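# Overview (structure and organization)
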Amino acid sequence: MTMTTTGAPDAPGEAAKPAPADPARARALRLILLALLLGVVTVTDILVGPAFLNVLDVLQALVAPGTADPMVAAVVNAIRLPMTLMAAIVGASLGIAGVEMQTILGNPLASPYTLGFSAAAGFGAAVAILFGLSLPLVPGLTVPLAAFAAAGLASAIVYVLAHWRGVTAEVMVLAGIATLFLFQSAQSLVQYMAAPEVLQEIVFWLFGSLIKASWFSVAVSGAILALGTLALVPDLWRLTALRMGDARAASLGVNVPALRRRVFVIVAVLTAGAVCFVGTIGFVGLVAPHLARMLVGEDQRLLLPASAICGALVMVGASVASKLISPGAVVPVGIVTALVGVPFLFALILTGRRRYW
Amino acid sequence: MLELDALSVRLGRAQVLDGVSARLAPGQTVALIGPNGAGKSTLLKALAGLLRASGKVRLEGRALPPGPRRAVAYMPQDTGAAAALSVLEVVLMGRLERLGLRVDPALRGEALEMLARFGLGALAHRPIGALSGGQRQLVFLAQTLFRAPKVMLLDEPTAALDLRHQLMVLERVRAEVAARAAIAVVAVHDLTLAARFVDRILCLSGGRIRADGAPAEVLDAALLRAVYGVVADIAPLPSGTLVVAPLRALGGTGANAAGAKPRILPPRSWQCCASG
């Protein structure tokens, strides 16, 4: 008896069915629609504010600043534009940091918060505020630099521990969680030691607020976002491969520990660049990657920009909401991000997108 | 020619591979057999450069450097995969080094052609996570073959497949090996299937090669008793294929009933860490 098979039979359990359409175009279309939605929300954010400016006047200040009311033009140029752009940049940075953190750690619950970067930034800022530190030439940059340096310290701790014990997801998550608790405790200690008026300032920073945004912070955080994104581009397919697991990615020629180290450093810088000016912003880095993955799938060529746009969308949407909750005032955006992001996530879960895209 | 020279792997205190040497010729499909924990997966990973091993591995006379090797494709046993990757994306990643922001249409065409060869054309745009275990195994085999490697290391590629697809997979592997004068090393548990498809069998036990040769030379009752601890009937069919029919396990009452002491190594602590 001989056993042979002929031709190319159907895959196991698969009846002959027509090939479904390539979803690449649909996914790209979703990305474009997402970008358009971000554009609409961004303009809305600029139009809304506690100064109760006329919407048409604000539009005129945006489109033709030379002919606009100087007061309106000044508010738009010095306050609203930097705040909105900062919201978009911070959201995009946290979205990218979140998706890459989830990728290198193979953990859907990972976010820039997981490894303690944000907690460390909060600690750095709290120390600078508590001791009234002031840099000689750039006093206004003292708190952001202290936050950036502390986030860098947290990432260095995780990096060194992972270097000693092996650059695996498990070691990095454990080291990160330990770092998170370390800096949260240190932050609480600083708050405990602070006088009431200083404590108020620290708590306000920790809430995360776009009020601190300026053209300078937009330029610095924007440059970090651009450089971080560019640094990730050569590794997009390797990061996609990593989603199949360490062993399979390694079998395809990916140097997994080196990739993990490289992306870890980029994520740390992106997170520090995002939170050092505006304070700790939660939730965006966790939810934006999930929204993006549901819409465009796992291919990092689409997932990376989609995560950036989703992050920016949640953040700018939160900025709009923060101005509408209490007319005439701006609620710290960090308080509102989850309020805006959770309905997005619920809507996508409830619409039954079980398989993603 | 793939040459293994005294290849050894130590994981913690356990010597998982212990001086494995062999020479595998181009065009050969080799089955790697042995009980669980024998070191099969470890040997495949060491050959793929994914485990630190002492000894030498040479391909066409040149020593292979440590780390992942372009000429060597390894297909792991695990078929778990992220839910949101499409089947086509998975196969394309077989040639990761050729992928950029834009995927070359010719490369994409080749990947679709490879899927069609496995009867997976209709699934090209489905998420890999939505496929059955058997379908995923075929997709990963398509990915491995898409790399067009000189050496294919396949860890139980037929484990989740039905009979028809087991035959299809091994026929496809043999065809690739013959067409490109490649070498395939396939870890398998089904000895009848191994006897039907391979040119040579390497039998591992306790991290060492216990038998090496053509299926008809290697597979006999004494070897199965010594290595696997089973009593088995082995009979050639008129087609020339060997059929291995395990009858009962030795050890405990089975071993006493058989009146023989199995030459099986005692369980080792590393068995939980190094599947194979």
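Residues numbered from 1 in each chain as written. Chains lettered and ligands numbered in written order. Predicted model: local features only at pLDDT ≥ 70, side-chain atom pairs only at ≥ 80, totals over all residues. Heavy atoms only, no water.

Helix and strand content of chain B: nine helices and 12 strands. Taken across its 276 residues, chain B has 54% of its residues classed as buried. A separation of at least 24 residues holds for 65% of the contacts in chain B among residues at least 6 apart in sequence. (Helix = DSSP H or I, 4+ residues; strand = E, 2+ residues; numbered from the N terminus. Buried < 20%, exposed > 50% of the residue type's maximum accessible area, 1.4 Å probe, protein only. Contact = heavy atoms within 4.5 Å.)

Right, let's talk about the nonpolar core for a bit. Counting residues in hydrophobic clusters, the biggest one holds 171 residues, and the most contacted among them are Met93(B) and Phe118(B). For this core, the element with the highest residue contribution is helix α13 (residues 300–324) of chain A, accounting for 15 residues. No fewer than three residues from each of domain 1 (2–215) and domain 2 (220–264) of chain B sit in this core. Among the nonpolar cores identified, the runner-up in size contains 28 residues, and Val9(B), Val30(B), Val151(B) and Ala187(B) belong to it. (Core = buried A, V, L, I, M, F, W, Y, C linked by side-chain atoms within 4.5 Å. Domains from an automatic or database assignment.)

A separate point is the pairing of strand β12 (residues 242–249) of chain B. Residue and element names in this part refer to chain B. Here strand β11 (residues 230–236) pairs with β12 via seven bridges, running antiparallel. From the neighbouring strand, Pro236 faces β12, where its bridge partner is Leu242. With antiparallel pairing between neighbouring strands as the criterion, β11 and β12 make up a hairpin whose turn holds five residues, including Gly240 at a positive phi of roughly 100°. (Pairing = 2+ DSSP bridges.)

This part is about unusual backbone geometry. All names here are of chain B. Although it is not a glycine, Ala6 sits at a positive phi angle of roughly 50°. Examined against the element boundaries, Ala6 turns out to sit in strand β1 (residues 2–11). Accessibility expressed as a relative area gives 35% for Ala6, which makes it partly exposed. Backbone geometry places Ala181, a non-glycine residue, at a positive phi of 50°. For Ala181, the position within the fold is in the loop between α5 (163–180) and β8 (183–187).

Another aspect to go through is the packing of helix α8 (residues 215–232) of chain A against helix α11 (residues 256–278) of chain A. Residues and elements named next belong to chain A. Where α8 meets α11, the closest approach of the two axes is 9 Å, and the angle between their N-to-C directions is 165°. On the basis of the axis angle, α8 is roughly antiparallel to α11. Classified by chirality, the crossing of α11 by α8 is left-handed. Along the contact surface, α8 presents Phe216, Ser217, Val220, Ser221, Ile224, Leu225, Gly228, Ala231 and Leu232, while α11 presents Val263, Ile266, Val269, Leu270, Gly273 and Phe277. Broken down by class, the residue content of the contact of α8 with α11 amounts to 11 nonpolar, four polar and no charged. (Axes fitted to C-alpha atoms, helices over the stretch in contact; angles between N-to-C directions. Parallel < 35°, antiparallel > 145°, perpendicular 65-115°, else oblique. Left-handed = near helix turned anticlockwise from the far one by under 90°. Nonpolar A, V, L, I, M, F, W, Y, C, P; charged D, E, K, R; others polar.)

A separate point is the confidence of the model for chain A. In the predicted model, chain A carries a mean pLDDT of 86, and the fraction of residues at 70 or more is 92%. Confidence drops under pLDDT 50 across residues 1–9 of chain A; counting only partners more than four residues distant or on other chains, this segment forms 16 contacts. (pLDDT = per-residue confidence, 0-100.)

Moving on, we come to the pattern of salt bridges. Taken as a whole, this structure holds 19 salt bridges over all chains when the rule is applied. Of the charged contacts in the structure, one is a salt bridge between Arg243(A) and Glu298(A), with a shortest N-O distance of 2.8 Å. Within this pair, whereas Arg243(A) is found in the loop between α9 (236–242) and α10 (246–251), its partner Glu298(A) is found in the loop between α12 (284–296) and α13, the two being separated by 55 residues in sequence. The network of salt bridges with shared partners includes Glu3(B), Asp5(B), Arg23(B) and Arg58(B). (Salt bridge = Lys/Arg side-chain N within 4 Å of Asp/Glu carboxyl O.)

To continue, consider the sheet that holds strand β5 (residues 62–63) of chain B. Residue and element names in this part refer to chain B. The strand order across the open sheet built from four strands is β2-β1-β4-β5, with neighbouring strands paired in antiparallel fashion. Pairing within the sheet leaves two strands with one partner each, and these edge strands are β2 (14–24) and β5. As judged from the seven bridges shared by β1 and β2, these two strands associate in the antiparallel manner. Pairing of Leu4 across the sheet is with Ala22, part of β2. Its contacts with the sheet put helix α1 (residues 40–48) on β1, β2 and β4 (54–59), and the angle it makes with β1 is roughly 115°.

A few words on the side chain of Glu156(B). All names here are of chain B. Mapped onto the elements of the fold, Glu156 is located in the loop between β7 (151–155) and α5. Comment: no salt bridge for buried Glu156; closest opposite-charge side chain is Lys40, at 5.1 Å. A distance of 3.1 Å separates polar atoms of two side chains, one belonging to Glu156 and the other to His189. Residues contacting Glu156, with those up to four places away along its chain left out, are Gln77, Gln137, Ala187 and His189. (Lys, Arg positive; Asp, Glu negative; His and termini not counted. Polar contact = N/O pair within 3.5 Å; in protein donor to acceptor, adjacent residues only side chain to side chain.)

Residue and element names in this part refer to chain B. Spatial strand order, β6-β7-β8-β3-β9-β10: six strands in an open sheet with mixed pairing. Strands with a single pairing partner mark the edges of an open sheet, and in this sheet they are β6 (72–75) and β10 (208–213). Neighbour-to-neighbour, the strand axes of the sheet open up by a mean angle of 15°, direction not taken into account. Across five bridges, β7 lies against β8 in parallel orientation. Looking at β8, one finds that Met152 is bridged to Ala184. Across the sheet, helix α4 (residues 133–146) lies against β6 and β7, angled at about 175° from β6, the strand it touches most.

Attention shifts here to the packing of helix α4 (residues 117–130) of chain A against α11(A). Residue and element names in this part refer to chain A. Two numbers describe how α4 lies on α11: the axes approach to 10 Å, and their chain directions differ by 45°. One element, α4, and the other, α11, form an angle in the oblique class. For α4 against α11, the interelement crossing comes out right-handed. Two secondary-structure elements touch here, α4 through Phe117, Ser118 and Ala121 and α11 through Phe264, Val267, Ala268, Thr271 and Val275. Here the residues of the contact of α4 with α11 sort into six nonpolar, two polar and no charged.

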